[in-house]
Amino acid sequence: MPNRFSGHSLTCFRGERFVFEALDFAVESGGALVLSGPNGSGKSSLMRIMAGLLQPVDGLLAWNDEPIPAASEEHSERLLYVAYQDAIKPVLTVRENLTFWAGLKGATDLVSAALETVGLGRLADTPAQFLSSGQRRRLSLARIVASEAPLWLLDEPTVGLDRSAVGILEQLIAAHRDNGGTVVMATHQPVDAGPAAETLDMSDFPARRQIFDDMDAAH
Amino acid sequence: MRALKHILIRDLRLALRQGTDVAMVVTFFVITVTLFPLGVGPEPNILARIAAGVVWVTALLATMLSLDRLFHADYEDGSIDLLVLTPVPLELIVLAKILAHWALTGLPLIVTAPVLAALLNMPGEGYAVMVFTMLLATPTLSLIGAVGAALALGARRGGVLISLLVLPLYIPVLIFSVAAVDAAITGLSPRPHMLILGAMLAAALPLAPWAAGAALRHSLR
């Protein structure tokens, strides 16, 4: 059954200012949505809202047009979130790091294959503190490979990756979409998210509201 | 349950590989207790009288010293985000982390406490009761402490804030633990005090993970 992940008139308020207002998006099974916009336009905030880590002050998220409640375990189960903070423990080995996160999602059998896919197979038993920053990003990508979640939320997945790793990422996204998965990605770098990837330009949803203190200062 | 075991093993493994955490708590406990004979004077009767209180107060402080690391490392590197996003109830995750914290601070303190009590010339009748009160009360310390540690996440000078939040809540545990040991030494039954300690543990066991979980969710931004 095709799935549909959508957001309706989302408004985000962070750090005492409105980041974006009345934002709508929708993405279907096999689809990809690329968030673009300048720094501070709210791409990461929108990602966190999509993941359920941040509550919008207004608007709602829906899965197959059914509203997703706050702190929904059902929603957590179907998504995979990768952000710039990579949650890698330096004293654990590469394999232990990945096995932990895969195990919490209930699928450890894919761990070895996932490490091979991202080119870390040789380093599986090395403590993660010896990884370079690009290799750490590859380990984050391995988390995607080892999961079976239909919805991928990738926040700046390409930072620090070399050309071949970006190629791996593009292949993974294409394969995921072919299997009916959904990808939402925020990025500055050109990544080929595949055919018919939609782009959501954050600057189309500027915050019109200001906080009252600012209004007073303007007058 | 599988998730609980998973997190427990990971936290224990992390702490044992880093090694310094457990050693720090125990060393603090030992050094601070040995300061008392130096400060109060080597009079055996006085030391025997204050032994239970000194050991317990120091155990509270040692526990508090370790609370900082309970959630902070996971908060810094983004693990908390991912833990919240696992299809496991957050309360269960918190409970697993509290269990790991207890195994890494409570247990070493229980092992060290009788030795330190002997150093302070505590009468022989008190030892069994002291170990038993510690078994009952140190889990409560970890549970209550987790709430403070979760609330202080993201705050500057979080360690100090944790102390201010948690120490007042430790007072009942301290009072009844020391009273139980004193009762045993003076030949009275420590049972009523133990029952109250047990009640505190029974109340904290469901309430603290729930409260700490709510505080963790609040800290996400």
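This text goes with the structure placed above it.
Criteria and thresholds
- Residues numbered from 1 in each chain as written.
- Chains lettered and ligands numbered in written order.
- Predicted model: local features only at pLDDT ≥ 70, side-chain atom pairs only at ≥ 80, totals over all residues.
- Helix = DSSP H or I, 4+ residues; strand = E, 2+ residues; numbered from the N terminus.
- Rg over C-alpha atoms; globule rule 2.2 N^0.38 Å.
- Buried ≥ 20, exposed ≤ 12 C-beta atoms within 10 Å, placed from the backbone.
- Contact = placed C-beta atoms within 7 Å.
- Core = buried A, V, L, I, M, F, W, Y, C linked by C-beta atoms within 7 Å.
- Pairing = 2+ DSSP bridges.
- Axes fitted to C-alpha atoms, helices over the stretch in contact; angles between N-to-C directions.
- Parallel < 35°, antiparallel > 145°, perpendicular 65-115°, else oblique.
- Left-handed = near helix turned anticlockwise from the far one by under 90°.
- Nonpolar A, V, L, I, M, F, W, Y, C, P; charged D, E, K, R; others polar.
- Expected span 1.5 Å × (residues − 1).
- Bend = angle between axes of the 7 residues up to and from the residue.

Caption draft 1: Focus on the overall build of chain B. The helix and strand tally for chain B stands at eight helices and zero strands. Along chain B, helices (α) and strands (β) appear in the sequence α-α-α-α-α-α-α-α when read from the amino end. In terms of overall size, chain B behaves like a compact globule, its C-alpha atoms giving a radius of gyration of 18 Å where 221 residues would be expected to give roughly 17 Å. By its C-alpha atoms, chain B is 55 × 35 × 30 Å across when sized along the principal axes. Per-residue burial for chain B yields a buried fraction of 47% across its 221 residues. Contacts in chain B between residues far apart in sequence, at least 24 positions, make up 81% of those at least 6 positions apart.

Caption draft 2: Spotlight on the nonpolar core. One finds Leu98, Ala142 and Leu153 of chain A together with Val55 and Ala146 of chain B to be the most contacted residues of the largest nonpolar core, which totals 136 residues. At 14 residues, helix 5 (residues 90-119) of chain B tops the list of elements feeding residues into this core. When neighbours within four sequence positions are excluded, valine 55 of chain B is seen to be in contact with Val33, Ala113, Leu116 and Ala117 of chain B.

Caption draft 3: Local environment of unusual backbone geometry. All names here are of chain A. Backbone geometry at serine 9 places phi at a positive 40°, although glycine is not the residue there. Locating serine 9 in the fold gives a position in strand 1 (residues 4-14). The class of serine 9 is partly exposed, set by 13 C-beta atoms lying within 10 Å. Backbone geometry at alanine 22 places phi at a positive 50°, although glycine is not the residue there.

Caption draft 4: Summary view of the pairing of strand 7 (residues 151-155) of chain A. All names here are of chain A. Burial within strand 7 is extensive, with five of its five residues counted as buried. Looking at chain direction, strand 6 (residues 79-82) and strand 7 are connected through four bridges and run parallel. The residue of strand 7 that forms the bridge with valine 82 is leucine 154. Of the strand pairs in this sheet, strand 7 and strand 8 (residues 182-186) are connected by five bridges, and their pairing is parallel.

Caption draft 5: Spatial organisation of the interface of chain A and chain B. Counting from both sides, the interface comprises 22 residues of chain A and, opposite them, 20 residues of chain B. Secondary structure elements with two or more residues in the side of chain A that touches chain B: helix 2 (73-78), strand 6 and helix 3 (94-105) of chain A. Top contributing element to the side of chain A that touches chain B by residue count: helix 3 of chain A, with five residues.

Caption draft 6: Up close: the packing of helix 5 (residues 133-145) of chain A against helix 6 (residues 163-178) of chain A. Residue and element names in this part refer to chain A. One can describe the packing of helix 5 onto helix 6 by two numbers: an axis separation of 11 Å at closest approach and a directional angle of 10°. The angle between helix 5 and helix 6 places the two elements in the roughly parallel class. Judged by the sense of rotation from one axis to the other, the crossing of helix 5 with helix 6 is left-handed. Two secondary-structure elements touch here, helix 5 through Gly134, Arg138, Leu141, Ile144 and Val145 and helix 6 through Ala165, Ile168, Leu169 and Leu172. Residue classes in the contact of helix 5 with helix 6 are distributed as seven nonpolar, one polar and one charged.

Caption draft 7: Inspection of the sheet that holds strand 5 (residues 66-67) of chain A at higher detail. Residues and elements named next belong to chain A. An order of 2-1-4-5 is seen for the four strands of this open sheet, with the pairing classed as antiparallel. Edge positions in the open sheet fall to strand 2 (17-28) and strand 5, since each of these has one partner strand only. Pairing of strand 4 (residues 58-63) with strand 5, which is carried by two bridges, proceeds in the antiparallel orientation. Within strand 5, the residue paired with alanine 62 across the bridge is proline 67. Relative to strand 1, helix 1 (residues 43-51) is tilted by about 125°, and along the sheet it contacts strand 1, strand 2 and strand 4.

Caption draft 8: The environment of leucine 153 of chain A, seen in detail. Residues and elements named next belong to chain A. Relative to the assigned elements, leucine 153 resides in strand 7. Considered as a pair, leucine 153 and alanine 51 are 102 residues apart in the sequence and their alpha carbons are 7.4 Å apart. Excluding anything up to four places from it in sequence, leucine 153 contacts Met47, Met50, Ala51, Leu79, Leu80, Tyr81 and Val184.

Caption draft 9: Main features of helix 8 (residues 191-219) of chain B. Residue and element names in this part refer to chain B. The terminal C-alpha atoms of helix 8, which comprises 29 residues, lie 40 Å apart, in line with the 42 Å expected from a rise of 1.5 Å per residue. The sharpest bend along helix 8 reaches about 40° and sits at alanine 204, with the proline proline 206 one to four residues further on. Within the span of helix 8, buried status applies to His193, Met194, Leu197, Met200, Ala204, Ala208, Pro209, Ala211, Ala212, Gly213 and Leu216. Buried residues in helix 8 make contact with helix 3 (44-76), helix 4 (79-84), helix 5, helix 6 (126-151) and helix 7 (158-185).

Caption draft 10: Quick look at the packing of helix 3 of chain B against helix 5 of chain B. Residues and elements named next belong to chain B. Close contact between helix 3 and helix 5 brings their axes to 10 Å; oriented N to C, the two are set at 155°. As far as their axial angle goes, helix 5 and helix 3 are roughly antiparallel. Considering how the two elements wind past one another, helix 3 and helix 5 form a crossing that is right-handed. Note on element contacts: helix 5 touches helix 3 through Lys97, His101, Thr105, Leu109, Ala113, Leu116 and Ala117, opposite Ala51, Val55, Ala59, Ala62, Thr63, Ser66 and Leu70. A breakdown of the residues in the contact of helix 3 with helix 5 according to their chemical character gives nine nonpolar, four polar and one charged.

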